[in-house]
Amino acid sequence: MGGKNMMLQLVHLLGVLVCGSQAALQVSISLNKVELSVGESKFFICTAIGEPVRLEWFNPQGERIVTSRRMSLHTESSRSRLIIYNAIVEDAGIYRCQATDASGHTEEASVVLEIYQRLTFRDVRSPQEFRHGETAEVVCDVISSPVPVVVWYYQDQEIAEEHHSRYQVLANNNLQIGEVTKADEGVYRCEASVEARGEIDFVDIAVVVNVPPVLSVFQQSFNATADYQESVTFTCITSGSPDPVVTWHRKGQQLEPSEQYMFNKLDGGRSMLTIRNIRQGDSGTYTCRATNKAGSQERELFLKVFVQPHITLLQNVTAVEGNAAMISCVADGEPLPDISWRRAGDGRTFADGDKSPDGRFEVQGRHGKSVLTISGVQLSDLGRFDCEALSRIGGHQKSMYLDIEYIPKFMTNQTIYYSWEGNPVNISCDVMSNPPATMLWKRERFTISAEATANTRVHTVPGKSVLEVTPMSDRDFGRYNCTARNNIGIRYQEFILAQADVPSNPYSVRLSAVSQRLATVTFMKPDSHGGVPISYYLVQYKEVGSQDWRDVRSHSVQTTVVLTGLEPNTTYEVRVAAVNGKGQGEFSHAKNFQTLPIREPSPPAVHGQRGVGKAFRLGLVKQDDGGMPIVEYIVKYKTDKEEQWMTKLVPGANDFALLQPLQWNTRYEVEITARNVKGLSEPAFYQFFMPQKPNITESLFSGLGLGAVVGLGLGALLLLLALVDISCFFLRHCGLLMCITRALCSKKTATSGKGKEMEEGKAAYLKLPLKEENGKESLKPDTIEIKVHGDNSIHTKPDDSKA
């Protein structure tokens, strides 16, 4: 074909040369027929002879070709190159190159392009995964032209459908495996061939069978107690291929590792979730989820958390007296606790459904809430109430305070006050209220200013207001009103300020215990104190016939007064008057009495006490002296075996008599007579017994008081310490004495006479007794000399004075 074209071109050229006329337009393409594999690239050159003005290419569809992504044109004056990149099957056909001259004459040439598909495996994945039990289709997408022949191999053996009922090669060359199992896993070979070209190729495909997770649990329900640092561990056992991933979920949220949640995975497919520090909120359902490529499976586990009762709501309550009060107590816990109430004032308890006998207290509760209702609240209900929540896990108690608001209450019993002109008086208005009341004073519908005026002044403290009134005239006496107000209500109390008077006279004046020098006056209080408390009583007395009254004031408001310094055998007149702030009242009727004449004294009262050694102490208590001082006491005493009395005179001012020396183991009889200038009293009798003679120790300490015994004990202790210090001085060269000696010996300059003797080489001696051991002297002789020389050396030697 190519040779023929060349001949035509030569003939045409010769004609042109021979004729000498204008050359004819001719077109040729470098190739006439081309076979091209899909994906390959090719270019074609079109050449025109003559004088073409335009060279164009046309595709098999007759469309003029323009430069694009896969086709490119490069045209010169008489030459054009068409390039086809990455050929596809659709590119096959006849391509024409057309040349056009100036006169519009066209010539063209063509080339046939044949496209074939080489044996190609398209996007064959390996491995290919399938779910256990499903129908698996192993994809082997292979193309070629002509259509290839596909054969499948498994374990180096061709898969024949007649031998493997579960295997089937589909029309699309894919291998279908029915109800695939884990045993079907392995490498499968897909082999394709094109006999026309002798082309053959294969691809190995790994088949993986995924088994869905299988999940089981040892224990599904768990119990724990909150707030006891307890932990709970859930365990799930999983199997599957590939190994499932285990996650834990709660309330739709996946749990993540934290201080509370800890995850562990052990051999054998065991996955564990540990919940630490169990709290109330941890109660509920937990989900164990196992997931792999073949699917997922879930199991639920349940955690029941027992929680100690906890009171979450209990507030103080304020109620109005007479109204109802509702006190709520809310508690949670697992299980829900039972709630009861206790009134702290009297310890009375109320449980759910209880009602007090008077019907005022009632308790109703439900689902962890209890309401204590108090009807007709009284002030006695004021105070603390305890709420207790109790379950088999434990209990919790809280307290609240019931505050009661009430209208002001006046606490003042005195509503009438007395005073007189110029004398200030405090009218007190005491109020108890909640909330605190404000108080005002009024007089004849006019409010008394809190600011001080000429005769009024108001002093107010919480719960009390005092109106100080200084009456200046009769107008200031009368009615005063105290008004107390709070947000509950208002109350009024009226006070009367009346003019005071002096007290009336006391009455029933009587004399008792009249003696030579003394008399006791008693009387009855006056019927009226004049509106002002009595300050004291004035008792006046005088000798009958005298005009000079003597005054004696009572102690406070006592109605008994003792008159002293009276003369014996004398008649007196006495009267009594009461005195208050207003002044002195009238005297009572005068009462006469006569003191007793002087007489012999009464015998003294006697009590005894053993003295020191052979002595006995008699205590003398003066009785009635007969109106004259006791001059002396005459004490006579003797043994019960003797007839002769011994006499001892004791001055009347003394209150004891010391009898000595007495005999041991002897009973004594005593007669004591008191004497004044009038004569002797009757004798008083007394007996005592002298004990047996005591031993030396008792004799030694019987005369010593407590202070003396303590002094002797301290002296003995100091002596013992001195002996121990001396022993330390000689045996261990330590102790207080050694410190003093070293201090003395270390002095370089003498400041005393002894110092001078030491400088002169003379010795100073200290004679000290030695401590005895077991009743014997530890060293002989009893004293030892400590000699301190001027060179600060110390020498000791026994005292030869006793040798």
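This report concerns the structure included in the present document.

Calculation rules
Residues numbered from 1 in each chain as written. Predicted model: local features only at pLDDT ≥ 70, side-chain atom pairs only at ≥ 80, totals over all residues. Heavy atoms only, no water. Pairing = 2+ DSSP bridges. Helix = DSSP H or I, 4+ residues; strand = E, 2+ residues; numbered from the N terminus. Phe/Tyr/Trp six-rings, centres within 6.5 Å; stacked < 30°, edge-to-face > 60°. Buried < 20%, exposed > 50% of the residue type's maximum accessible area, 1.4 Å probe, protein only. Lys NZ or Arg CZ within 6 Å of the ring centre and 35° of its normal. Polar contact = N/O pair within 3.5 Å; in protein donor to acceptor, adjacent residues only side chain to side chain.

Brief notes about the pairing of strand β17 (residues 186-194)
Pairing of strand β13 (residues 149-154) with β17 involves six bridges; the strand directions are antiparallel. Its bridge partner lying in β17, Val 149 is registered against Ser 193. Pairing of β17 with strand β18 (residues 199-217), which is carried by nine bridges, proceeds in the antiparallel orientation. Residue pairing across strands places Arg 189 opposite Asp 204, the latter belonging to β18. Between β17 and β18, which pair antiparallel and follow one another directly, the connecting turn spans four residues, one of which, Gly 198, has a positive phi of 70 degrees.

Comments concerning the packing of aromatic side chains
In the structure shown here, the tally under the stated rule is 13 aromatic pairs. Taking the centre distance of 5.6 Å and the plane angle of 45 degrees together, the rings of Trp 441 and Phe 495 count as tilted. Here Phe 495 lies in strand β42 (residues 490-499) and Trp 441 lies in strand β37 (residues 438-443), a separation of 54 residues in the sequence. One exposure class covers both Trp 441 and Phe 495, and it is buried. Chaining the aromatic ring pairs together yields one cluster made of Phe 222, Phe 234, Trp 248 and Tyr 286. A cation over a ring is seen here: Arg 189 above Phe 202, with NZ or CZ 3.8 Å from the ring centre. Lying over the aromatic face of Tyr 536, Arg 553 brings its terminal NZ or CZ to 3.7 Å of the ring centre.

Overview of the sheet that holds strand β41 (residues 478-485)
Strand order across the open sheet formed by five strands is β35-β42-β41-β37-β38, with mixed pairing between neighbours. In the strand order of this sheet, the two ends are held by β35 (416-419) and β38 (446-447), each with one partner. Pairing of β35 with β42 involves four bridges; the strand directions are parallel. Paired with Ser 419 across the two strands is Gln 499, which belongs to β42.

Description of the environment of Trp 248
With respect to the helices and strands, Trp 248 occurs in strand β21 (residues 245-250). The class of Trp 248 is buried, set by a relative accessible area of 3%. Trp 248 sits twelve residues away from Cys 236 along the chain, and the two C-alpha atoms are 10.0 Å apart.

Quick look at the side chain of Asn 486
Within the secondary structure, Asn 486 is located in the loop between β41 and β42. Its relative accessible area of 10% is what places Asn 486 among the buried residues. There is a polar contact of 3.0 Å between the side chain of Asn 486 and the backbone oxygen of Pro 435. For Asn 486, the side chain forms a polar contact with the main-chain nitrogen of Ile 488, separated by 3.0 Å.

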